[in-house]
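Listed below are the residues making up each chain.
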Amino acid sequence: MNKIAYFDCPTGIAGDMCIGALIHAGVPLDYLIEKLNLLGISTEYQLRTELVHRNTQQATKFYVDLAADLSLKPENPATELDPSETESPTFDARHHHHHGEEHSHSHGEADAEISHSHHRNLPEIEHIIVSAKLPPRVEAWSLAVFRKLAEAEGAVHGIPASEVHFHEVGATDAIIDIVGTCLGLDWLDIQEFYFSAMPTGAGTVKAAHGRLAVPTPAVMRLWETHRVPVYSNGIDRELCTPTGTAIACTLAASFGPPPSMQIQAIGLGAGSRMLAIPNILRLWIGEKQEGERGRGGEWESGRKTATNSQFPIPDSQLPITNSIETIAVLETQIDDLSPQAIGYVFDALFAAGALDVFTAPIVMKKSRLGVLLTAICHPEFEEACEAVIFRETTTLGIRRSTQQRTILHREIQTVKTEYGEVKIKVAKSGQTIVNVQPEYEDCAEIARLKNISWREVHRLALQSWYDRS
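Novice: Whenever I open this one, the nonpolar core confuses me. Can you help?
Specialist: General note: in soluble globular proteins, nonpolar side chains tend to be found buried as a group. Formed by 65 residues in total, the largest nonpolar core has its most connected members in Phe 7, Leu 39, Phe 195 and Met 198. Looking at this core, the element that brings in the most residues is helix α7 (residues 136-157), giving 8 residues. With residues up to four places along the chain from it excluded, the contact list for Met 198 reads Cys 9, Ile 13, Trp 223, Val 228, Pro 229, Val 230, Tyr 231, Cys 240, Ala 248 and Phe 255. In this structure, Leu 330, Val 345, Ala 348 and Ala 375 belong to the second largest nonpolar core, which totals 17 residues.

Novice: Even after reading the chapter, I still don't get helix α14 (residues 454-468), so can you show me in this structure?
Specialist: Every α-helical turn comprises 3.6 residues, leaving residues that sit three or four positions apart pointing alike. A rise of 1.5 Å per residue sets the reference length of α14, with its 15 residues, at 21 Å; its end C-alpha atoms lie 21 Å apart and thus fit the reference within 8%. Taken together, the buried positions of α14 are occupied by Val 457, His 458, Leu 460, Ala 461, Leu 462 and Trp 465. The inward-facing, buried residues of α14 abut β18 (409-417), β19 (420-429), β20 (432-438) and α13 (440-450).

Novice: Could you clarify how one ought to interpret the pairing of strand β3 (residues 57-66) in this entry?
Specialist: Both faces of the sheet carry side chains from a regular strand, because those side chains alternate between them. Taking burial as the measure, the 10 residues of β3 include 8 buried ones, the bulk of the element. Looking at chain direction, strand β2 (residues 45-54) and β3 are connected through 10 bridges and run antiparallel. Pairing of Leu 51 across the sheet is with Thr 60, part of β3. Hairpin remark: β2 followed by β3, antiparallel, with 2 residues in the connecting loop; positive phi at Asn 55, about 55°.

Novice: For this particular structure, what's the right way to read the environment of Gln 463?
Specialist: Along the chain, Gln 463 falls in helix α14. Residues Gln 463 and Thr 417, spaced 46 residues apart in sequence, show a C-alpha to C-alpha distance of 9.0 Å.

Novice: Looking at this structure, how should I read the packing of helix α1 (residues 15-24) against helix α8 (residues 172-187)?
Specialist: If you want to describe how two helices pack, look at the angle between their axes and the distance between the axes. Where α1 meets α8, the axes come as close as 9 Å, and the angle between the chain directions of the two elements is 30°. Overall, the two elements α1 and α8 adopt an arrangement that is roughly parallel. As α1 runs across α8, the sense of the crossing is left-handed. Residues Gly 15, Asp 16, Cys 18, Ile 19 and Leu 22 of α1 pack against Ile 176, Asp 177, Gly 180, Thr 181, Gly 184 and Leu 185 of α8. For the contact of α1 with α8, the per-class residue count stands at 5 nonpolar, 4 polar and 2 charged.

Novice: Help me out: how do you make sense of the sheet that holds β19 in this one?
Specialist: In a beta sheet, neighbouring strands are held together by backbone hydrogen bonds and run either parallel or antiparallel to one another. Strands sit in the order β18-β19-β20 across an open sheet of 3 strands; the sheet is antiparallel. Pairing within the sheet leaves two strands with one partner each, and these edge strands are β18 and β20. Strand-to-strand twist of the sheet, defined as the mean angle between neighbouring strand axes without regard to direction, takes the value 30°. Pairing geometry for β18 and β19, over 9 bridges, is antiparallel. The residue of β19 that forms the bridge with Thr 417 is Gly 420.

Novice: Mind showing me how you'd approach the packing of aromatic side chains here?
Specialist: The geometry of an aromatic ring pair comes down to the distance between the two centres and the angle between the two planes. All told, the structure shown has 7 aromatic pairs when counted by the stated rule. Pairing Tyr 31 with Trp 187 gives two aromatic rings, centres 6.5 Å apart and planes at 50°, and the pair type is tilted. Of this pair, Tyr 31 sits in helix α2 (residues 29-36) while Trp 187 sits in helix α8, placing them 156 residues apart in sequence. For Tyr 31, a relative accessible area of 16% translates into the label buried. Chaining the aromatic ring pairs together yields one cluster made of Phe 7, Phe 195 and Phe 255. In this arrangement the basic side chain of Arg 48 is found over the ring face of Tyr 63, its NZ or CZ atom lying 4.0 Å from the centre.

Novice: Quick question: what am I supposed to make of the pattern of salt bridges here?
Specialist: Oppositely charged side chains can form a pair if their charged atoms are brought close together. Counted under the stated rule, the structure contains 18 salt bridges. One salt bridge connects Asp 16 with Lys 61, and the closest N-O pair in it is separated by 3.2 Å. Residue Asp 16 is located in helix α1, and its partner Lys 61 is located in strand β3; the two are separated by 45 residues in the primary sequence. Lys 61 matches Asp 16 in its accessibility class, with the two residues each being buried. A salt bridge links Arg 459 to Glu 456; the nearest nitrogen and oxygen atoms lie 2.8 Å apart. With Arg 459 and Glu 456 both in helix α14 and 3 residues apart, this pair spans about one turn of that helix. One network of salt bridges, in which partners are shared, links Arg 137, Asp 186 and Asp 189.

Novice: Mind showing me how you'd approach the confidence of the model for the chain here?
Specialist: Detailed reading of the predicted coordinates is not advisable wherever pLDDT is low. Of the residues in the chain, 80% reach a pLDDT of 70 or more, and the chain-wide mean stands at 81. Confidence drops under a pLDDT of 50 for residues 76-117, and excluding neighbours within four residues, the segment shows 115 contacts in the predicted structure. Every residue in residues 292-320 is under pLDDT 50, and counting partners more than four places away or in other chains gives 74 contacts.

Novice: I keep staring at the packing of α7 against helix α10 (residues 242-251) and nothing clicks. Help me out?
Specialist: Interaxial distance between α7 and α10 falls to 9 Å at its minimum, and their mutual angle equals 120°. The orientation of α7 with respect to α10, classified from their angle, is oblique. When the axes of α7 and α10 are compared, the crossing they make is right-handed. Listed contacts from α10 to Trp 141, Ala 144, Val 145, Lys 148 and Leu 149 of α7 are Pro 242, Thr 243, Ala 246, Ile 247, Thr 250 and Leu 251. Residue composition of the contact of α7 with α10, grouped by class: 8 nonpolar, 2 polar and 1 charged.

Rules of the game
- Residues numbered from 1 in each chain as written.
- Predicted model: local features only at pLDDT ≥ 70, side-chain atom pairs only at ≥ 80, totals over all residues.
- Heavy atoms only, no water.
- Core = buried A, V, L, I, M, F, W, Y, C linked by side-chain atoms within 4.5 Å.
- Buried < 20%, exposed > 50% of the residue type's maximum accessible area, 1.4 Å probe, protein only.
- Helix = DSSP H or I, 4+ residues; strand = E, 2+ residues; numbered from the N terminus.
- Contact = heavy atoms within 4.5 Å.
- Expected span 1.5 Å × (residues − 1).
- Pairing = 2+ DSSP bridges.
- Axes fitted to C-alpha atoms, helices over the stretch in contact; angles between N-to-C directions.
- Parallel < 35°, antiparallel > 145°, perpendicular 65-115°, else oblique.
- Left-handed = near helix turned anticlockwise from the far one by under 90°.
- Nonpolar A, V, L, I, M, F, W, Y, C, P; charged D, E, K, R; others polar.
- Phe/Tyr/Trp six-rings, centres within 6.5 Å; stacked < 30°, edge-to-face > 60°.
- Lys NZ or Arg CZ within 6 Å of the ring centre and 35° of its normal.
- Salt bridge = Lys/Arg side-chain N within 4 Å of Asp/Glu carboxyl O.
- pLDDT = per-residue confidence, 0-100.

The structure is reproduced here in structure tokens:
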């Protein structure tokens, strides 16, 4: 059975989180230090790890302390800022390609610039990696990741990849992030790599040439090129850095739910910030179940890879996957409200942005009959829907939860029946049609106008669609 790795990225991905997860899963830090010394830049940094907590969950935080930054630290430790003030939102600023957040160190902007003076272009980075005589897979992966990143940045700025100057990503710590991640995966002898869908994040981030919208242009380019499934988890931070995204897009056999596997180890890599959910990249390591065909086969879902390839062809297209999105779920029990009022609440919730509303009969304390009212919406409509429930019902409290749901790709088609046109909702999983349903309102309108049964209109619409297909 092939040894595989699944990167579960609920709060995104960055190079330091990848290495933290690998070390947590058993890769020795001493091994990484020994191999990274071969790059010939060991005087520029110090490496360390720390067990930290993110929303009560323990994970490994990986740090690259640059020599330039260490020399600028104040002599009196009492004057140092709390780490939460010196680290950028979500991830360490130095791990952001072209767009590190403000460091907030005690030294000024001129000093901050000194700590990032190692701006290297792609040929320089390739020379450093090739000259290190790293294990063959590590060298190949590392070169592929940097080339992928340079191609994305070059496309964004309209210049050849070889002319891209990487600023922060070309700096010491980013080389450590990429090469260190590849070293860890090679040490674990991983044969295939899978990644979850990626959260988009939101807001802005400070870049070398001003502020950029999140997701940043390089990340968007990588997602576009590799057809990466994305979703919003409601967190307004930069969650996916270009470095982490380039690692994923270079190595991934596919993006989406985990493959069938027997889990042998879990690695937890911490990000820098405390977020609404644990800021942890979860690395699942195990063996693919017998009978599961790997993504490394000659042809699969239109994607070509070498039969015994150690990692997928970088420029290949990823298979189409179902979308994953974050939703808010609001629930409350009600036992003293007219059923007619409940019907009005449905309409008001849909008007406020609810995706779905439903009730279920329940028995409450003292054997009172009641209903469980549930509203599902996107996180940005949570407060509006909650306000409707408080305003229109007698409830005194509402439970909130955040969940993820997988949704099929849907498209609307129109068919003609002898009574008029009806819109048809067609749902697909990949390229396979799994559900076809006429729109309720179209069928109801024709039924009323033509004085025929709704079921007859529904039947005729389905028949027209299947006859046409």
